[in-house]
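Given next are the chains, with one letter for each unit.
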Amino acid sequence: MVKLAPSILSANFAALLEDVLEVEKAGAEYLHVDVMDGHFVPNLTIGPPVVRALRPASSMCFDVHLMIEHPEFYVEQFISAGADLITVHAESSGHLHRTLSLIREKGALAGVALNPATSHVVIEYILPLVDLVLLMTVNPGFGGQKFIPGMLPKIKAVRKMLDDSGSGAELQVDGGINLDTARAVTEAGATILVAGSAVFGGGDIASAVQKLKHAAAGGWAR
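The structure displayed is predicted, hence computed values, not measured ones.

Side note on the environment of A157
On the secondary structure map, A157 appears in helix α5 (residues 152–165). Judged by its relative accessible area of 25%, A157 falls in the partly exposed class. C-alpha separation for the pair A157 and S197, spaced 40 residues apart in sequence, amounts to 27 Å.

Considering the packing of aromatic side chains
Under the criterion given, the structure shown has 0 aromatic pairs. One residue, R55, lies across the ring of F62, its end atom 3.7 Å from the ring centre.

As for the nonpolar core
Considering soluble globular proteins, one finds that nonpolar side chains tend to be buried as a cluster. Of all hydrophobic cores here, the largest spans 65 residues; its most connected members are I86 and V133. Those residues in contact with V133 that sit more than four places away from it in its chain are V112, I123, L127, V158, L162, E170, L171 and Q172. Y30, A113, L132 and I192 belong to the second-largest nonpolar core, a separate cluster that totals 11 residues.

What about the sheet that holds strand β4 (residues 85–89)?
Read from one edge to the other, the open sheet built from 8 strands follows the order β1-β8-β7-β6-β5-β4-β3-β2, with strand pairing classed as parallel. On the outer flanks of this sheet lie β1 (3–6) and β2 (30–36), each paired with one strand and no other. Pairs of neighbouring strands in the sheet enclose a mean axial angle of 25°, with direction left out of account. Together, β5 (109–114), β6 (132–136) and β7 (170–174) form the strand contacts of α5, whose direction differs from that of β7 by roughly 165°.

Concerning the pattern of salt bridges
Evaluation of the coordinates by the stated rule reveals 8 salt bridges. Across the pair D164 and K160 runs a salt bridge whose closest N-O atoms are separated by 2.6 Å. Here D164 and its partner K160 are both found in helix α5, 4 residues apart, which amounts to about one turn of the helix. Each member of the pair D164 and K160 is classed as exposed.

Some points on the environment of V133
Structurally, V133 is set in strand β6. Placed 23 residues apart in sequence, V133 and A110 show a C-alpha to C-alpha distance of 8.9 Å.

Details of the side chain of D63
Along the polypeptide, D63 turns up in strand β3 (residues 61–67). Despite its burial, D63 pairs with no opposite charge; the closest candidate is R55, at 11 Å N-O. Among the polar contacts made by the side chain of D63, one reaches the side chain of Q172 at a distance of 2.9 Å. In this structure D63 touches A5, Y30, L31, H32, V33, L85, T87 and Q172, once residues within four positions along its chain are discounted.

Parameters at a glance
- Residues numbered from 1 in each chain as written.
- Predicted model: local features only at pLDDT ≥ 70, side-chain atom pairs only at ≥ 80, totals over all residues.
- Heavy atoms only, no water.
- Helix = DSSP H or I, 4+ residues; strand = E, 2+ residues; numbered from the N terminus.
- Buried < 20%, exposed > 50% of the residue type's maximum accessible area, 1.4 Å probe, protein only.
- Phe/Tyr/Trp six-rings, centres within 6.5 Å; stacked < 30°, edge-to-face > 60°.
- Lys NZ or Arg CZ within 6 Å of the ring centre and 35° of its normal.
- Core = buried A, V, L, I, M, F, W, Y, C linked by side-chain atoms within 4.5 Å.
- Contact = heavy atoms within 4.5 Å.
- Pairing = 2+ DSSP bridges.
- Axes fitted to C-alpha atoms, helices over the stretch in contact; angles between N-to-C directions.
- Salt bridge = Lys/Arg side-chain N within 4 Å of Asp/Glu carboxyl O.
- Lys, Arg positive; Asp, Glu negative; His and termini not counted.
- Polar contact = N/O pair within 3.5 Å; in protein donor to acceptor, adjacent residues only side chain to side chain.

In structure tokens:
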């Protein structure tokens, strides 16, 4: 089954805990935490204290996506706060192999993210260190953007790369995921869908989670 990772970037921060508990109760397996520094991407979001505050209340996989410069400086802080999975961008890490190794050494799962314009070939030699590949299907920085259709061939290419290498890494897709795009993304090979406004933007969070899972059904399955 395809897994869902609601992004708290689109949640109601005045009632964040309630929103987190609701997506978990509705069946979401991951909680996607977008961390932005105003440099690598043009937005500012949250830090380790938010992860630490939510961690005792939830058993979901806390999926922390570091859209920041020098992510290696913050890996330990987020793991200490309760992150289960740390994803760093290939574009932001000067020594990607070293950063992924650090994440694993500190006891978390390691993910690598690629912006839309970045070729998937840049991760070929670090796949043994990767538990997850995250493909951005919008240019990162803001929620609510439209899915870039030209990313579907890239999803398929990464699916083939993972399968051909024997990697067990998850393939996560983030950006413009909604009822209209979920099926195409899973058919292309995604195993985890990140969704923000499609989950938190309509009022009925539980219904949104179930409808997204239903829309994704029939796509690629492990």
